[in-house]
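Examining the three-dimensional arrangement
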4 protein chains.
Amino acid sequence: MPIVIDQMSEDPIYQQIRTQVIGAIATGELSPGEPLPSVRSLARDLGVNLHTVNKAYAVLRDEGYLIMRGRSGAFVADIRDSPVHHLTAEQDWLMGKELRRLAVAFRARGGSESAFVEEAARQARAAFQREKTLVKGAGTDER
Amino acid sequence: MPIVIDQMSEDPIYQQIRTQVIGAIATGELSPGEPLPSVRSLARDLGVNLHTVNKAYAVLRDEGYLIMRGRSGAFVADIRDSPVHHLTAEQDWLMGKELRRLAVAFRARGGSESAFVEEAARQARAAFQREKTLVKGAGTDER
Amino acid sequence: MPIVIDQMSEDPIYQQIRTQVIGAIATGELSPGEPLPSVRSLARDLGVNLHTVNKAYAVLRDEGYLIMRGRSGAFVADIRDSPVHHLTAEQDWLMGKELRRLAVAFRARGGSESAFVEEAARQARAAFQREKTLVKGAGTDER
Amino acid sequence: MPIVIDQMSEDPIYQQIRTQVIGAIATGELSPGEPLPSVRSLARDLGVNLHTVNKAYAVLRDEGYLIMRGRSGAFVADIRDSPVHHLTAEQDWLMGKELRRLAVAFRARGGSESAFVEEAARQARAAFQREKTLVKGAGTDER
DNA sequence: GTGGTCTAGACCACG
DNA sequence: GTGGTCTAGACCACG
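Quick caveat: nothing in here was measured; it's all calculated off a predicted structure.

Taken domain by domain, chain A comprises domain 1 (13-81) and domain 2 (89-137). Centre-to-centre separation of domain 1 of chain A and domain 2 of chain A, based on C-alpha positions: 24 Å.

If you want it as structure tokens, here you go:
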């Protein structure tokens, strides 16, 4: 899971880490149960502050994407069927709120309902197709 | 246009104002050319500082939703056929990025592409229908 | 990047800062990615309030000239190949409007079309050559 | 000289009056020596405050476009050869400064010198051709 | 340390 | 009356 930090980005560094971990889980590059690098090693590799990685992991745990097993480090949560399921539900609820907010603003700019849905579909297609072949390959080959 | 501030919210106060003004424009509760309450009076009504409302209005102006006239206050812009629709293009571009981010996170939580689009469609329906009947009704009913 | 504030000027202080930062970017004195002085230190050096510098930087960010990173300050944006060149388009459109206004007023004063274009060309020459040799020289000379 | 006030514009009303008077002088619709409507009548016609028209006329006088003859009202100045000639010189000087400022900002956005001059030429063409036929007609026919 | 946000109070141009 | 600008001082998240 190669994480790249853009020191020039306007996004906080911990958000960049968070986004890329979520992206890796989305594409299957990181599978449920798989361990993540330790806070210390990732901080060293990325050349960022230890607290920054810590914060990223803590947020991902709060969102239900990771499970922290104390001394053994962080692991990808099995979101579908797990005690953290309510966290996913909360994320879905927040996503709904966010989609609503975007749609409202789009309407305020004179956009139409169908144009909004089309744009959402286009972005979904991009998000779900990216790395899809990689994911399939990673799941069927020997590793 | 009733605006409600949640002092406990994580959202900055000026963002809460911004969101609710955009919502009122979207539903037609605020029409192009219509005046908004003055910075001073809204600040008084909401119990927040003058500068906080000022910032909300300034952001809305920069995004193209409002026009400020130093003399007589803030007015809803006619964003649809404005010569500065660069502003709209910018907003639309940011919306696309945000939709992508949401879709990626949804995929990471095990969601499917079609479920994402369905949720987007549901939220769009809500955003575009809310108050629509009220608005139409106000023009066609005898009240 | 020496910035000079004229407290007696009609131009707001934040505009004076803005203009001089743009000038420094234009001449290459400030290059993309290069950090600017922090809001606090510049405010101290100029003898103005922190919020005044903050506003100047915020405007420059909104116009696409700067990037703000909450943690480590302000940096010169690489405006040329930015994905948000809507911002540049907006600036260019405003420039066109301004040029038109100047040309109309010049005509009203009895000026000719060719004289206007000649003056524009003269000013452009000055704006584009100023510091150009200095910049180039710094790279090719042995100093 | 039909003046139209856009109450929705972001420009101050006195600036709108100023710009349109300058435009009328530019196209020859208003000729040197010609009287302008009185402050009172123009204010009444435009439905604006008397002070607002007064300010517009005062600015135009300070810029050398008008001459105020006390009791007899405002007249278009003969800019070319008149005691207010130094005012025109000042306007030209300000125009040069403004052109420089625009060129510097354009360079900072990555624009080229030739592109700037081309845009200036395009705007000059528009400013000088607009109403040119009207002007010619007005000068050669019986009025 | 950095910028982001909020409050508070002042003076200004415009109308 | 209106918003625009400036100063002053505070607390926050991020690193």
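Read on for the rest.
As enumerated under the stated definition, the model contains 4 aromatic pairs over all chains in all. Here the aromatic rings of Phe106(B) and Phe116(B) are separated by 6.0 Å at their centres, their planes lie at 50°, and the arrangement is tilted. In this pair, Phe106(B) is assigned in helix H4 (residues 86-108) and Phe116(B) in helix H5 (residues 113-129), connecting sequence segments 10 residues apart. Like Phe116(B), Phe106(B) is buried. Its end group placed over the ring of Tyr14(B), Lys55(B) keeps NZ or CZ at 4.8 Å from the ring centre. The ring of Phe75(D) has Arg69(D) lying over it, and the distance from NZ or CZ to the ring centre is 4.4 Å.

Taken together, 24 residues surround DNA strand F, and among them Lys55(A), Ile13(C), His51(C), Thr52(C) and Arg71(C) come closest. Taken together, the sugar and phosphate atoms account for 69% of what DNA strand F places within 4 Å of the protein. Tyr14(A) places a side-chain nitrogen or oxygen 2.8 Å from a phosphate oxygen of DNA strand F. In this structure, His51(B) approaches DNA strand F through a side-chain N or O atom, which is 2.9 Å from a base nitrogen. Among the elements of the structure, helix H1 (13-27) and helix H3 (50-62) of chain A, helix H2 (39-46) and helix H3 (50-62) of chain B together with helix H1 (13-27) and helix H3 (50-62) of chain C are those that each provide at least two residues to the surface near DNA strand F. When the residues that make up the surface near DNA strand F are grouped by side-chain class, the tally is 9 nonpolar, 9 polar and 6 charged.

What follows concerns H3(A). Residues and elements named next belong to chain A. Counted at 1.5 Å a residue, the expected span for H3 with its 13 residues is 18 Å, and the 18 Å between its end C-alpha atoms agrees. Val53, Ala56, Tyr57, Val59 and Leu60 are the residues of H3 that are buried. Buried positions in H3, seen along its axis, are confined to an arc of 160° and lie on one side of it. Against H1, helix H2 (39-46), strand S1 (66-68) and strand S2 (74-76) lie the buried residues of H3. Of the residues one or two after H3, Gly64 is the one with positive phi, at around 95°.

This brings us to the interface of chain A and chain B. Accessible area lost during the coming together of the parts is what is often quoted as the interface size. The partner chain B presents 45 residues to the 45 residues of chain A that form the contact. When chain A packs against chain B, close to 4300 Å² is buried across both sides, 67% of that on carbon and sulfur atoms. Considering only the side of chain A, the residues that lose the most area to chain B are Arg107(A), Arg109(A) and Phe128(A), jointly responsible for 21% of the buried surface there. The interface formed by chain A and chain B contains 2 salt bridges. Across the chain A-chain B interface, the total number found is 13 residue pairs in polar contact (both at pLDDT 80 or more). Counting only elements with at least two residues in the side of chain A that touches chain B, the list comes to H1, helix H4 (85-108), helix H5 (113-129) and helix H6 (132-140) of chain A. Considering each element in turn, the side of chain A that touches chain B owes the most residues, 16 residues, to H4(A). Each residue belonging to the side of chain A that touches chain B can be placed in one class, and the counts come to 22 nonpolar, 10 polar and 13 charged.

Packing of H5(A) against H4(B) leaves a shortest axis separation of 8 Å and a crossing angle of 50°. Considering the angle they form, H5(A) stands oblique to H4(B). Here H5(A) and H4(B) pass one another in a crossing that is right-handed. Between H5(A), through Phe116(A), Glu119(A), Ala120(A), Gln123(A), Ala124(A), Ala126(A), Ala127(A), Phe128(A) and Gln129(A), and H4(B), the contact on the second element is made entirely by Met95(B), Gly96(B), Leu99(B), Arg100(B), Ala103(B), Val104(B), Phe106(B) and Arg107(B). Tallied by class, the residues present in the contact of H5(A) with H4(B) amount to 11 nonpolar, 3 polar and 3 charged.

Residue and element names in this part refer to chain D. Under the criterion given, the structure shown has 24 salt bridges over all chains. A salt bridge links Arg122 to Glu119; the nearest nitrogen and oxygen atoms lie 2.7 Å apart. On the criterion of helical spacing, the pair formed by Arg122 and Glu119 is a turn pair, its members being 3 residues apart in helix H5 (residues 113-129). Arg122 gets classed as partly exposed once you look at its relative accessible area, which sits at 45%.

On to the pairing of strand S2 (residues 73-76) of chain B. Residues and elements named next belong to chain B. Looking at chain direction, strand S1 (residues 66-69) and S2 are connected through 4 bridges and run antiparallel. Looking at the pairing, Met68 lines up with Ala74 of S2. The antiparallel pairing of S1 with S2 creates a hairpin that spans 3 residues between the two strands.

Around DNA strand E lies a shell of 24 residues, among which Ile13(B), His51(B), Thr52(B), Arg40(C) and Lys55(D) are the nearest. Among the atoms of DNA strand E lying within 4 Å of the protein, the sugar-phosphate backbone contributes 69%. Tyr14(B) is positioned with one of its side-chain polar atoms (N or O) 2.7 Å from a phosphate oxygen of DNA strand E. Note that a phosphate oxygen of DNA strand E is positioned 3.4 Å from one of the side-chain N or O atoms of Asn54(C).

Placing chain A over chain B gives an RMSD of 0.9 Å and needs a rotation angle of 175°, together with 0.0 Å of translation along the axis. The operation mapping one copy onto its partner corresponds to a two-fold rotation axis. When you check the interface residues of chain A against chain B, 98% turn up at the interface there too, and the contact is symmetric in its surfaces.

Residue and element names in this part refer to chain B. In this model helix H1 (residues 13-27) runs 22 Å from its N-terminal to its C-terminal C-alpha over 15 residues, within 8% of the 21 Å that 1.5 Å per residue would give. Looking at H1, one finds that the buried residues are Gln16, Ile17, Arg18, Val21, Ile22, Gly23, Ala24, Ile25, Ala26 and Thr27. Once H1 finishes, Gly28 follows within two positions and takes phi at roughly 85°, a positive value.

Reading the values: the criteria
- Residues numbered from 1 in each chain as written.
- Chains lettered and ligands numbered in written order.
- Predicted model: local features only at pLDDT ≥ 70, side-chain atom pairs only at ≥ 80, totals over all residues.
- Heavy atoms only, no water.
- Domains from an automatic or database assignment.
- Phe/Tyr/Trp six-rings, centres within 6.5 Å; stacked < 30°, edge-to-face > 60°.
- Helix = DSSP H or I, 4+ residues; strand = E, 2+ residues; numbered from the N terminus.
- Buried < 20%, exposed > 50% of the residue type's maximum accessible area, 1.4 Å probe, protein only.
- Lys NZ or Arg CZ within 6 Å of the ring centre and 35° of its normal.
- Near = heavy atom within 4 Å.
- Polar contact = N/O pair within 3.5 Å; in protein donor to acceptor, adjacent residues only side chain to side chain.
- Nonpolar A, V, L, I, M, F, W, Y, C, P; charged D, E, K, R; others polar.
- Expected span 1.5 Å × (residues − 1).
- Arc of directions from axis to C-beta.
- Contact = heavy atoms within 4.5 Å.
- Buried area = accessible area lost by both parts, 1.4 Å probe.
- Salt bridge = Lys/Arg side-chain N within 4 Å of Asp/Glu carboxyl O.
- Axes fitted to C-alpha atoms, helices over the stretch in contact; angles between N-to-C directions.
- Parallel < 35°, antiparallel > 145°, perpendicular 65-115°, else oblique.
- Left-handed = near helix turned anticlockwise from the far one by under 90°.
- Pairing = 2+ DSSP bridges.
- Least-squares fit on C-alpha atoms with pLDDT ≥ 70 in both.

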